[in-house]
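Below, each chain spelled out in residue letters.
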Amino acid sequence: MSVLDEMSENLIKGKANDVKALVQKALDEGQAPADILNKGLLAGMSVVGARFKKNEVYVPEVLIAARAMKAGMEVLKPLLASAGVEPVGKVVLGTVKGDLHDIGKNLVGMMLEGAGFQVIDVGIDADAQKFVDQARETGATLIGASALLTTTMTNMKEVVETLKKSDLAGKVKIMIGGAPVTQAFCEEIGADGYAPDAASAADKAKELAG
Ligand code: B1M
């Protein structure tokens, strides 16, 4: 088995220390940082995403795999930057105003990072202007808004409207999600995309950012 396949396998199993050591081993062997990212780490994370979507693995397994991904990225990140490897895209991600739930949002963030995105996390209870200001400041092309309460999902509309009134209108897209959110609600408020779970969020982000 190649070192990159071994890396993917260990990432899927959530073995953070092994993944970190294998990233170093691959670098010592002379593998390109971009190959280590795409054929080792991201390849493993996409398997985890696909299994999560099919309910073959659950939240804890995804969190453990994401932790292993993070451990590998600690070694790789400085080298990717110096090799000029750009992220797939930048996403401003947060939980909307009035809402303190962040477990699902964090999971979405991990899957987005696992798919190669740079995530700018604006946290919980984030007002609409904060999403838009962060997108402008960082050059992100996608905003991801999460809500878990029927009383706060309406604040997603404010994010859409604030963006549409701003200089970023037409340049930045909005993806929404969270337990009470539906495709119909997405269409009703004029958001660009909806994803029902974290793995689908990574797929939808690629579609929207592409
Ligand atoms: Co709260 N809570 N909570 N809560 N809480 C719910 C959501 C609730 C359904 C419980 C219930 O009554 N059965 C209910 C909402 C009812 C409703 O509005 N329909 C509820 C309530 C009422 C409340 C309070 C009002 C309770 C009170 O104080 N009276 C209060 C509100 C506080 C506030 O936000 N202002 C409150 C507080 C809390 C805690 C702080 C105690 C805690 C949150 C801790 C934290 O997040 N750090 C909490 C929790 C843990 C829950 C439950 C039990 C679990 C939520 C969770 O983390 N699920 C929840 C009941 C339940 O769901 N069983 C409940 C796991 C997570 C992985 O799933 O977040 O759905 P989820 O994320 C999924 C998808 O939705 C999707 O991907 C994720 C992974 O696949 N997704 C996206 C999420 N965001 C996305 C964004 C995307 C795309 C996909 O694109 C950007």
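Residues numbered from 1 in each chain as written. Predicted model: local features only at pLDDT ≥ 70, side-chain atom pairs only at ≥ 80, totals over all residues. Heavy atoms only, no water.

Enquirer: It is not clear to me how the overall build of the chain should be interpreted in this structure. Could you clarify?
Expert: For the chain, the count of helices and strands is nine helices and five strands. Along the chain, helices and strands appear, N-terminal first, in the series α-α-α-α-β-α-β-α-β-α-β-α-β-α. Expected size for 210 residues packed as a compact globule is a radius of gyration near 17 Å; at 17 Å, the chain falls within 12% of this value. Expressed as lengths along the three principal axes of its C-alpha atoms, the size of the chain is roughly 50 × 35 × 25 Å. Counting only residues that meet the buried cut, the chain has 48% of its 210 residues in that class. At a minimum sequence separation of 6, the contacts of the chain that also span at least 24 residues come to 71%. Accessible surface for the chain amounts to roughly 10,000 Å². Of this, 52% is attributable to carbon and sulfur atoms. (Helix = DSSP H or I, 4+ residues; strand = E, 2+ residues; numbered from the N terminus. Rg over C-alpha atoms; globule rule 2.2 N^0.38 Å. Buried < 20%, exposed > 50% of the residue type's maximum accessible area, 1.4 Å probe, protein only. Contact = heavy atoms within 4.5 Å. Areas by Shrake-Rupley, 256 points an atom, 1.4 Å probe, with all protein chains shown as cover.)

Enquirer: Just to check I follow, could you spell out unusual backbone geometry for this structure?
Expert: Of all residues except glycine, most have a negative phi; of all peptide bonds, most are trans. With a phi angle near 60°, Asn 55 is a residue other than glycine that sits in the positive phi range. Mapped onto the fold, Asn 55 is located in the loop between α3 (33-53) and α4 (59-82). Backbone geometry places Asp 125, a non-glycine residue, at a positive phi of 50°. If you trace the backbone, Asp 125 turns up in strand β2 (residues 118-126). With a relative accessible area of 35%, Asp 125 lands in the partly exposed category.

Enquirer: How should I be thinking about the packing of α4 against helix α5 (residues 103-114) in this particular structure?
Expert: Angle between the axes and distance between the axes are the two parameters that describe a pair of packed helices. With their axes 10 Å apart at the nearest point, α4 and α5 run at an angle of 45° to one another. Comparing their axes, α5 and α4 come out oblique. Crossing geometry of α4 relative to α5 is assigned as left-handed. Contacts between α4 and α5 involve Val 59, Val 62, Leu 63, Ala 66 and Met 69 from the former and Leu 107, Met 110, Met 111, Glu 113 and Gly 114 from the latter. (Axes fitted to C-alpha atoms, helices over the stretch in contact; angles between N-to-C directions. Parallel < 35°, antiparallel > 145°, perpendicular 65-115°, else oblique. Left-handed = near helix turned anticlockwise from the far one by under 90°.)

Enquirer: Honestly, the site of the ligand in this entry has me stumped. Any pointers?
Expert: Surveying the vicinity of the ligand reveals 26 residues, the closest of which are Gly 98, Leu 100, His 101, Asp 102 and Ser 146. Taking His 101, its side chain carries an N or O atom lying 2.7 Å from a nitrogen atom of the ligand. A distance of 3.2 Å is found between an oxygen atom of the ligand and a backbone nitrogen or oxygen belonging to Ala 179. Contributing elements (two or more residues each) for the shell around the ligand: α5, β3 (142-146), β4 (173-177) and α9 (198-209). For the shell around the ligand, the leading source of residues is α5, giving four residues. Considering only residue class, the shell around the ligand consists of 15 nonpolar, eight polar and three charged. (Near = heavy atom within 4 Å. Polar contact = N/O pair within 3.5 Å; in protein donor to acceptor, adjacent residues only side chain to side chain. Nonpolar A, V, L, I, M, F, W, Y, C, P; charged D, E, K, R; others polar.)

Enquirer: I keep staring at the environment of Ala 26 and nothing clicks. Help me out?
Expert: One can find Ala 26 in helix α2 (residues 16-28). Apart from residues lying up to four places away in sequence, Ala 26 is in contact with Val 3, Leu 4, Met 7, Gln 31 and Ile 36.

Enquirer: Just checking my understanding: could you explain the domain arrangement of the chain for this structure?
Expert: Where interface size is given, it is often the accessible area lost as the parts come together that is meant. What the domain assignment reports for the chain is domain 1 (3-82) and domain 2 (90-209). Look at where the C-alpha atoms of domain 1 and domain 2 centre, and you get two points 25 Å apart. At the boundary of domain 1 with domain 2, total buried surface from both sides reaches about 900 Å², with 80% on carbon and sulfur atoms. Summed over the shared surface of domain 1 and domain 2, the number is one salt bridge. For the pair domain 1 and domain 2, the interface holds one residue pair in polar contact (both at pLDDT 80 or more). (Domains from an automatic or database assignment. Buried area = accessible area lost by both parts, 1.4 Å probe. Salt bridge = Lys/Arg side-chain N within 4 Å of Asp/Glu carboxyl O.)

Enquirer: Where do I start with α9 in this structure?
Expert: Every α-helix carries 3.6 residues per turn, so stepping three or four residues along brings you back to the same face. The end-to-end C-alpha separation of α9 is 16 Å, in line with the 16 Å expected for 12 residues at 1.5 Å each. Those residues of α9 that fall on the buried side of the exposure criterion are Ala 198, Ala 199, Ser 200, Ala 201, Ala 202, Lys 204, Ala 205 and Leu 208. For α9, the secondary structure elements touched by its buried residues are α3, α5, β3, β4 and β5 (193-194). Where α9 begins, the capping side chain belongs to Asp 197, and its oxygen is found 3.2 Å from the backbone nitrogen of Ala 199. (Expected span 1.5 Å × (residues − 1).)

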